[in-house]
Amino acid sequence: MKKSLKAVAAVIAAIALTTACSSGTTEEATEGTTENTESTESTGDGTTYKIGVLQFTQHAALDKANEGFIAALDDSGISYEVDQQNASNDQPTCQTIAEKLVNDGNDLIYAIATPAAQAVAGMTKDIPVIISAVTDPAESGLLADNNAPGGNVTGTSDLTPVKEQIDLLKQLIPDAQTVGVLYCSAESNSAIQAEMAREACEALGMEAVDYTVSNTNEIQTVVESMVGKVDAVYAPTDNTIANGMATVSMIANDNGLPVIVGESGQVEAGGLATYGIDYYQLGYMAGEMAVDILVNGADPAEIPVGYLSADKCELAVNEDTAAKLGIDVSSLQQ
């Protein structure tokens with residue numbers, strides 16, 4: 001049985017956090033892409049907005065960011081047509097879809113995850129681009145400054161409370177000395193979180209060792225190489241790892257390796273636990289930004305990147321995994 005409990009006091013270090021897809025569906029692609037167009041009847045002044053959506057890959061967190069975005073559009077009452085596309089974790093496909101969405105003359109494009117955001121931002125300087133599930137948009141080269149984007153791109157960050165996640169690891173595995181940090185070397189968002197994890201581990205007297213993959217095909221070999229070398233694993237909100245989390249958890253759990261992860265979807269896929277953000281709310285906040293731009297003429301250059309506040313973070317624990325590993329999680333649920 002899996003349970004999720006609200007974390008009351010998760011504090012995200014080194015950043016001032018502020019608050020914050022419909023039932024838009026993400027289907028398995030034919031040759032790597034998906035397309036699902038929804039439309040509503042035009043209302044009021046007759047305006048029906050054309051919105052393109054590019055989701056980098058299909059996993060629970062990004063799906064929720066998509067759903068929240070569409071829900072915000074629906075709740076606003078605007079009329080729109082949305083073209084849903086999924087790159088199925090393939091960068092060349094991402095580039096092809098980004099070019100299509102720009103050439104189709106959409107009024108706004110929503111890009112979910114860093115590779116999708118980078119692909120779309122590289123294709124247009126004119127069409128407003130809302131991004132989401134990007135850890136640090138400025139560091140990823142998507143905009144000039146997270147507080148003052150200065151171009152056509154803004155959106156919401158999925159910066160997670162990495163320090164608190166490492167604290168959780170130490171609480172559940174107090175004897176841990178060496179932590180394997182598992183992520184995809186091709187994802188800049190993951191490299192940022194890995195650095196934060198290394199600093200948090202060192203502050204608690206633990207050694208952090210990077211274990212990287214370049215694609216999902218390498219996950220099994222890399223996780224197997226960790227057995228006997230690390231006491232626990234930390235996997236941040238990495239799209240490649242999330243896409244292959246079933247493999248990660250199968251190998252790790254069978255070999256007695258607890259895995260603390262970046263978001264609740266990874267817990268559902270067999271990870272031990274996390275303090276994670278609500279990706280539905282993250283997408284909803286991005287949708288509100290989109291409406292402000294489309295309806296009110298807001299300028300993306302002047303809209304700061306949005307972050308979820310600490311009270312939007314959740315503690316998620318996989319009790320089946322905990323039982324298999326012989327880890328007592330009862331203290332987390334008091």
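Right, let's walk through the structure included here. This structure is a prediction, so every number in the text was calculated from the model and none was measured.

Attention shifts here to the overall build of the chain. The secondary structure content of the chain amounts to 11 helices and 13 strands. For the chain, with 334 residues in total, the buried portion stands at 58%. Summed over all atoms, the accessible surface of the chain reaches about 13000 Å², with 45% contributed by carbon and sulfur.

Before going further, it helps to spend a moment on the packing of helix 6 (residues 219-226) against helix 8 (residues 245-254). Running from N to C, helix 6 and helix 8 cross one another at 25°; their axes reach a closest spacing of 9 Å. Here helix 8 runs roughly parallel to helix 6, going by the angle between their axes. Helix 6 and helix 8 meet at a crossing whose hand is right-handed. Facing Ile 219, Gln 220, Val 223 and Glu 224 of helix 6, the residues of helix 8 in contact are Thr 247, Val 248, Ile 251 and Ala 252.

With that out of the way, let us pick up the pairing of strand 9 (residues 207-213). Pairing of strand 8 (residues 178-184) with strand 9, which is carried by 7 bridges, proceeds in the parallel orientation. Counterpart to Val 179 in the pairing with strand 9 is Ala 208. The handedness of the strand 8 to strand 9 crossover, carried by helix 5 (residues 188-203), is right-handed.

A word on the environment of Leu 169. With respect to the helices and strands, the residue Leu 169 is situated in helix 4 (residues 162-172). For the pair formed by Leu 169 and Val 179, sequence separation is 10 residues and the distance between their alpha carbons is 9.3 Å. Sequence-distant contacts of Leu 169, defined by excluding residues within four places in its chain, comprise Ala 176, Val 179, Met 206, Ala 232, Val 233 and Ile 260.

In this structure, the largest cavity occupies an estimated 60 Å³ of space. Lining the largest cavity are 13 residues, and of these His 59, Asp 158, Thr 237, Asn 239 and Tyr 279 sit closest to its centre. For the lining of the largest cavity, the elements supplying multiple residues, two or more each, are helix 1 (60-76) and helix 7 (239-243). Each residue belonging to the lining of the largest cavity can be placed in one class, and the counts come to 5 nonpolar, 5 polar and 3 charged.

Core analysis: the biggest nonpolar cluster contains 57 residues, and Leu 54, Phe 69 and Leu 73 have the highest contact counts within it. Among the secondary structure elements, those contributing two or more residues to this core are strand 3 (49-55), helix 1, strand 4 (80-86), helix 2 (91-103), strand 5 (108-112), helix 3 (114-121), strand 6 (129-134) and helix 10 (279-296). Beyond its immediate chain neighbours, meaning those up to four positions away, Leu 73 contacts Ile 51, Ile 78, Tyr 80, Gly 287, Ala 290 and Val 291. With 29 residues, the next largest nonpolar core counts Ile 166, Ile 173, Val 317 and Val 329 among its residues.

Counted according to the given criterion, the structure contains 1 aromatic pair. Between Phe 69 and Tyr 110 the ring centres are 3.8 Å apart and the planes differ by 10°, which places this aromatic pair in the stacked class. You can see Phe 69 sitting in helix 1 and its partner Tyr 110 sitting in strand 5, a full 41 residues away along the chain. By the burial criterion, Phe 69 is buried, and Tyr 110 matches it.

Here is what the cut-offs are and how they apply
Residues numbered from 1 in each chain as written. Predicted model: local features only at pLDDT ≥ 70, side-chain atom pairs only at ≥ 80, totals over all residues. Heavy atoms only, no water. Helix = DSSP H or I, 4+ residues; strand = E, 2+ residues; numbered from the N terminus. Buried < 20%, exposed > 50% of the residue type's maximum accessible area, 1.4 Å probe, protein only. Areas by Shrake-Rupley, 256 points an atom, 1.4 Å probe, with all protein chains shown as cover. Axes fitted to C-alpha atoms, helices over the stretch in contact; angles between N-to-C directions. Parallel < 35°, antiparallel > 145°, perpendicular 65-115°, else oblique. Left-handed = near helix turned anticlockwise from the far one by under 90°. Contact = heavy atoms within 4.5 Å. Pairing = 2+ DSSP bridges. Right-handed = clockwise from strand over helix to strand, strands pointing away. 1 Å grid on protein atoms, 1.4 Å probe; cavity = no way out; pocket = protein on both sides within 12 Å on 5 of 7 lines; lining within 4 Å. Points joined across faces, edges and corners; volume = space filled by probe spheres on them. Nonpolar A, V, L, I, M, F, W, Y, C, P; charged D, E, K, R; others polar. Core = buried A, V, L, I, M, F, W, Y, C linked by side-chain atoms within 4.5 Å. Phe/Tyr/Trp six-rings, centres within 6.5 Å; stacked < 30°, edge-to-face > 60°.

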